[in-house]
Amino acid sequence: MERRHFLRNSGLLAGGLLLGNSLFARSSAAGPVKIGVIGCGDRGTGMIHSLNQMPDLFRITAVCDVLDFRLLAAQKLDKTNSWKTYTDYRKLLDQADIEAAVIATPLHMHYPIATAAIDSGRHLYLEKTMTYNIEQALDLVKRMQQRPKQVLQVGHQYRYSPLYYKVKEMIEAGDLGTITQIDCRWDRNTTWRRPTPNPSLERTINWRMYREYSGGLVAELLSHQIDFVNWVFDTHPQDFYATGGIDIHKDGRETYDNVQVMMRYPDKGLTANFGATCGNARDGYLFKIKGTKGMISLLTDQGVLYPEKSLQKEKGTVDGVTGATRITWNKDGGLPILPEPTKDGTSYALKDFYNKIQTHELPDSNVFTGARTAISVHLANQALYSKIACSWSDTYVLT
Amino acid sequence: MGKNKLLPVAVVLLLLLCTAARQQLLRRFQLQGFAQGTTYSIVYYATDSLVTLAQTDSLLQQLDRSVSLYHPLSLINRFNRSTKGIIIDAPFRAIIQRALEIHRATGGLADPTVKPLVDAWGFGVVKNTQLPDSATIQKLLHQVGADKITLKGNFLYKLQPGVQLDLNGIAQGYAVDLLALLLQRYHIHRYLVELGGELRIKGRKAGNTPFTIGIEGIAGNDLAPEPMRKIIEAANGAITTSGNYRKQYTAGGRQVSHLINPLTGYPLQNEMISVTVYARDAITADGYDNGFMAMGLQQTLAFLHNREDMGAYIVYRRPDGSVADTVTRFFKGYKR
């Protein structure tokens, strides 16, 4: 509650500031940013819902998908009956009034669509993982360096929530002490498949199952946590070790349904473990950051700090403490990092996307951090499928 | 003759031995649990683990079924949903009677019927996201006030269907008293009970050293807590704190306190940051602490000036913005 009020008000405040800046940036008199959504699957329609809830910031004017039934479903979310629909993203980019595009397509299409959108001068909200491979990531970095006024934001939305900013702040302030271990999981007990209306659409709809289109569980799920670690510590993994297999759903898929990746960050003295399985749902999303002073356990919208017990004892010089009542969520000594769960990260991410379009500043999840994460994901997958440990190369220039 | 001389000596020796043995046998026990959305902790000194966590948990759960707003089927929630009122149980009655006494004593500033306003300002169980306007406040004020409820026997009447109770400001104190009572039933006379920052203390620790109590710093940051503002040696009685440093939010550039003035309908806006009250029992201390927050510094000092049974340690903000503190005469155990 408290948080929501705060955000709403700071939102108003930010709106006021934007008016001031509009003289030398996009004129906010232009109204909401006109935006086209390319890719109307699960994530694309999720983005449409979020955009629809921000009519002051964004107005969707076009949607695009290669599948007719997806396009029809997306159109039903159009309350203004004004969206143009396309099956070819190039046609959407030809529509003159569009200022920005969301790309929420299968991973292998990120790069061709992103380059076309960038070349057409559009601001871009590009879903994670930024690109399918390393070369594409490096190329997008080069392109965006020549376009300082254009905004490219990568859809690692979780870290846009106030919770993840707060955690970054705490880690930087040394609240956890020296951090040496990070454990991440993103587990489920389903096939991770979508139903297909007819078998010929199998590869189009279940693209996540095929290595030609997808980076599998590492790219689709673990990339969020990989990205957060890179961002908080402002570094990238140096060494990648991985193993896995198709162990549960032997249904013709090519991407592993059970993966485990270990990454080493020698400059930080840090090891991080990333795992995902489609064969057990108990842990679900797990994100634990462990330091000498305490551990933070994160969900996407809630976080708890567990100070190390030895430190708590040092403080115990009194027999009792009186104070205003402290709300606790659990019985195991954890302290909530924020008083209430945060909203879905997408709303915070889109708000900032709008702000950055006005000010032409670099987003927090930008082409450089996006490339760093895309390369990390790609190297993890390389280690996973080749069964050979691999390393970050100094030739990856990200500045 | 010789026998008669020796007898008193023997008795004295025996008594000394017993006392020494007793002292040696005292052990420290600690129970830590979770109740009413917060934590509780009990430290007691006894010869054996006479009271267990199962007992204290069950006692607190039973109280929750009476007066917790977080328990959907609690009596208090049933009362709030009812149009005319309901039959209440003994703990509910004890709390509401004390709450009404304190309501009178504080001129209506500690009010068990403040819930509609608390909810409107977004501090209720169901979070409101829209700040109330003045028309809403005026409307809600008609449902607030202790004159809108009456207790006849076991039946608690509401005189308007919209009247709702919130006993959170006093029930924690009562819970602490119940825990203390439980310990005393087992002849435990050295204990410190704490629930949600409200304390009840009796006796001294083994070795005859007093229990020490920290009065929490006012930064309200639980993740990196600041040092205790004061450390006091506690005598028998209860110590509770009300403060607006932990539950608040910012709106329109101002801090909105979770403490609502039941007479105006608006969140408190005065110099008070926190008040720590000492009284004989925790229901009294807890019942008054919110009222003192609403009274403000001068009125609270005047109220407590001649009291022989209650005292307060107050942290407040001076007009220049600096933080200061003061203590009343009867804040027992307070040591500079």
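Calculation notes
Position labels on residues start from 1 in each chain and follow its written sequence. Written order decides the labels, with chains lettered from A and ligands numbered from 1. Where totals are concerned, whole chains, interfaces and linings use all residues; where local detail is concerned, this predicted model gives features only for residues with pLDDT of at least 70, and gives and counts side-chain atom pairs only at 80 or more. Values shown for side chains rest on all heavy atoms present in the structure; no hydrogens or waters enter the calculation. Helix and strand labels come from DSSP, where a helix needs a run of H or I of at least four residues and a strand needs a run of E of at least two; each type is numbered from the N terminus. Residues are treated as being in contact if the distance between any of their heavy atoms lies within 4.5 Å. What sets the accessible areas is the Shrake-Rupley method with a 1.4 Å probe; for residues, cover comes only from the shown protein chains. Whether a residue is buried, partly exposed or exposed follows from its accessible area with a 1.4 Å probe, protein chains only, as a fraction of its type maximum: under 20%, in between, or over 50%, in that order. N or O atoms within 3.5 Å of each other form a polar contact, as long as, within protein, one can give a hydrogen and the other can take it, and as long as residues adjacent in sequence are counted only when both atoms are side-chain atoms. Each pair of aromatic rings taken from Phe, Tyr and Trp, with Trp reduced to its six-membered ring, is defined by centres within 6.5 Å and is described as stacked if the planes are under 30 degrees apart, edge-to-face if over 60, and tilted in the remaining cases. UniProt positions are given in the numbering used here, feature names are shortened, and annotations may be inferred rather than shown by experiment. Method remark: on a 1 Å grid restricted to protein atoms, a set of points is classed as a cavity if a 1.4 Å probe fits but cannot get out and as a pocket if it is open with protein on both sides within 12 Å along at least five of seven lines; lining residues have an atom within 4 Å of a point. Axes here refer to lines fitted to C-alpha atoms; in helices the fit is confined to the stretch in contact. Angles between the N-to-C directions go from 0 to 180 degrees. To sort the angles, those under 35 degrees are grouped as roughly parallel, those over 145 as roughly antiparallel, those from 65 to 115 as roughly perpendicular, and the leftovers as oblique. Nine residue types can take part in a nonpolar core, namely buried Ala, Val, Leu, Ile, Met, Phe, Trp, Tyr and Cys, and a core is a set of them joined through side-chain atoms within 4.5 Å. Each domain's limits were defined by an automated method or a database of domain assignments. Given a helix with a known number of residues, its expected span is that number minus one, times 1.5 Å. Summarising the geometry, the arc corresponds to the directions from the helix axis toward the C-beta atoms. Known as pLDDT, the predictor's per-residue confidence is scaled from 0 to 100. Only when DSSP finds a minimum of two bridges between them are two strands counted as paired. Clockwise travel from the first strand over the helix to the second, with the strands pointing away from the viewer, marks a crossover as right-handed.

## What about the overall build of chain B?
Okay, so step 1: When helices and strands are tallied, chain B shows nine helices and 15 strands.
Okay, so step 2: At a minimum sequence separation of 6, the contacts of chain B that also span at least 24 residues come to 59%.
Okay, so step 3: Carbon and sulfur atoms provide 55% of the accessible area of chain B, an area that totals close to 15,800 Å².

## Observations concerning the overall build of chain A
Okay, so step 1: Scanning chain A from terminus to terminus reveals 12 helices and 16 strands.
Okay, so step 2: Within chain A, buried positions represent 56% of all 399 residues.
Okay, so step 3: Partitioning the contacts of chain A with sequence separation of at least 6, the portion at a separation of at least 24 is 71%.
Okay, so step 4: Accessible area for chain A stands at about 17,000 Å²; split by element, carbon and sulfur atoms hold 52% of it.

## With respect to the side chain of Ser74 of chain B
All names here are of chain B.
Okay, so step 1: Position of Ser74 among the secondary structure elements: in the loop between helix H2 (53–67) and helix H3 (75–81).
Okay, so step 2: By relative accessible area, Ser74 is classed as buried at 0%.
Okay, so step 3: Within polar-contact distance, the side chain of Ser74 engages the backbone oxygen of Ser68 at 2.7 Å.
Okay, so step 4: Of note is the side chain of Ser74, whose polar atom sits 2.9 Å from the backbone oxygen of His71.
Okay, so step 5: If we skip the residues at most four places from it in the chain, Ser74 touches Asp64, Arg65, Ser66 and Ser68.

## Here we look at the packing of aromatic side chains
All names here are of chain A.
Okay, so step 1: According to the stated counting rule, one finds 25 aromatic pairs over all chains in the structure shown.
Okay, so step 2: Between Tyr256 and Tyr385, the aromatic rings sit 4.3 Å apart at their centres with planes inclined by 45°, giving tilted as the arrangement. Pair noted here: Tyr256 is in the loop between strand S8 (239–245) and strand S9 (258–265) and Tyr385 is in helix H12 (residues 367–386), with a separation of 129 residues, a long-range link. Of the two residues, Tyr256 and Tyr385, both sit in the buried class.
Okay, so step 3: One aromatic cluster in this structure is built from Tyr158, Tyr160, Tyr164, Tyr165, Trp186, Phe228, Trp231, Tyr285 and Phe287.

## Re the UniProt feature "binding site: Mg(2+)" (unreviewed entry) in chain B
Residues and elements named next belong to chain B.
Okay, so step 1: The sites that carry the UniProt feature "binding site: Mg(2+)" (unreviewed entry) are, in the present numbering, Gly169 and Asp286. These annotated residues cover 118 residues of sequence, but their C-alpha atoms sit close together, with the largest distance between any two at 6.6 Å. As for the annotated residues, the ones lining the largest cavity are Gly169 and Asp286.
Okay, so step 2: Those residues in contact with Gly169, other than ones at most four positions away along the chain, are Asp286, Gly287, Asp289 and Asn290.
Okay, so step 3: Residue placement: Asp286 occurs in helix H8 (residues 282–295).
Okay, so step 4: A polar contact is formed between the side chain of Asp286 and the backbone nitrogen of Gly173, at a distance of 2.8 Å.

## Considerations on the packing of helix H6 (residues 134–145) of chain A against H12 of chain A
Residue and element names in this part refer to chain A.
Okay, so step 1: With their axes 9 Å apart at the nearest point, H6 and H12 run at an angle of 175° to one another. It follows from the interaxial angle that H6 and H12 lie roughly antiparallel. Of H12, the residues touching H6 (which contributes Ile134, Ala137, Leu138, Leu140, Val141, Met144 and Gln145) are Val367, Phe368, Ala371, Ala374, Ile375, His378 and Leu379.

## Describing the nonpolar core
Okay, so step 1: With 87 residues, the main nonpolar core has Ile182, Phe274, Phe287 and Ile289 of chain A as its most contacted residues.
Okay, so step 2: The element best represented in this core is helix H9 (residues 216–233) of chain A, accounting for 11 residues.
Okay, so step 3: Domain assignment of the residues forming this core places at least three in each of domain 1 (2–159 + 349–366) and domain 2 (160–340 + 374–391) of chain A.
Okay, so step 4: Those residues within four positions of Phe287 of chain A in sequence are excluded, and the remaining contacts are Tyr164, Ile182, Asp183, Cys184, Gln225, Phe228, Val229, Ile296, Ser297 and Leu298 of chain A.
Okay, so step 5: Membership of the second largest hydrophobic core comes to 68 residues, among which are Val67, Ile170, Leu183 and Ile188 of chain B.

## Re H6 of chain A
All names here are of chain A.
Okay, so step 1: Over its 12 residues, H6 extends 17 Å from the first C-alpha to the last, a length consistent with the 16 Å expected when each residue adds 1.5 Å.
Okay, so step 2: When we look at burial in H6, the residues that qualify are Ile134, Gln136, Ala137, Leu140, Val141 and Met144. Seen along its axis, H6 keeps its buried residues to an arc of 165°; they face one direction. Exposed and facing more than 90 degrees away from the buried side of H6 are Glu135 and Lys142.
Okay, so step 3: On its buried side, H6 packs onto helix H5 (110–119), strand S5 (123–127), strand S6 (152–155) and H12.
Okay, so step 4: Residue Asn133 occupies the N-cap position of H6, its side-chain oxygen lying 3.3 Å from the main-chain nitrogen of Glu135.

## A closer look at the confidence of the model for chain A
Okay, so step 1: Overall, the predicted model of chain A reaches an average pLDDT of 90, with 89% of residues at or above 70.
Okay, so step 2: Here residues 1–24 of chain A is modelled with pLDDT under 50, and outside its nearest four sequence neighbours on either side it reaches 37 contacts, counting other chains as well.

## Concerning the confidence of the model for chain B
Okay, so step 1: Counting all residues, the mean pLDDT for chain B is 87, and 90% of those residues have values of 70 or more.
Okay, so step 2: When mean pLDDT is compared element by element in chain B, strand S3 (residues 85–87) of chain B scores highest at 97, while helix H1 (residues 2–25) of chain B scores lowest at 65.

## A few points about the pairing of S6 of chain A
All names here are of chain A.
Okay, so step 1: Neither face of S6 is left uncovered, since the one carrying Leu152 and Val154 and the one carrying Gln153 and Gly155 both have all their residues buried.
Okay, so step 2: Here S5 pairs with S6 via four bridges, running parallel. Paired with Tyr125 across the strands is Gln153, a residue of S6.
Okay, so step 3: Handedness of the β-α-β unit built from S5, H6 and S6 comes out right-handed.

## Some remarks on the pairing of S9 of chain A
Residues and elements named next belong to chain A.
Okay, so step 1: Burial along S9 is one-sided: the face carrying Val259, Val261, Met263 and Tyr265 is buried and the face carrying Asn258, Gln260, Met262 and Arg264 is not.
Okay, so step 2: Sheet topology places S8 next to S9; seven bridges connect them, and they run antiparallel. Bridging from a neighbouring strand, Thr243 pairs with Gln260 of S9.
Okay, so step 3: Strand direction decides the pairing type here: S9 and strand S10 (residues 270–277), joined by eight bridges, are antiparallel. The residue of S10 that forms the bridge with Gln260 is Gly275.

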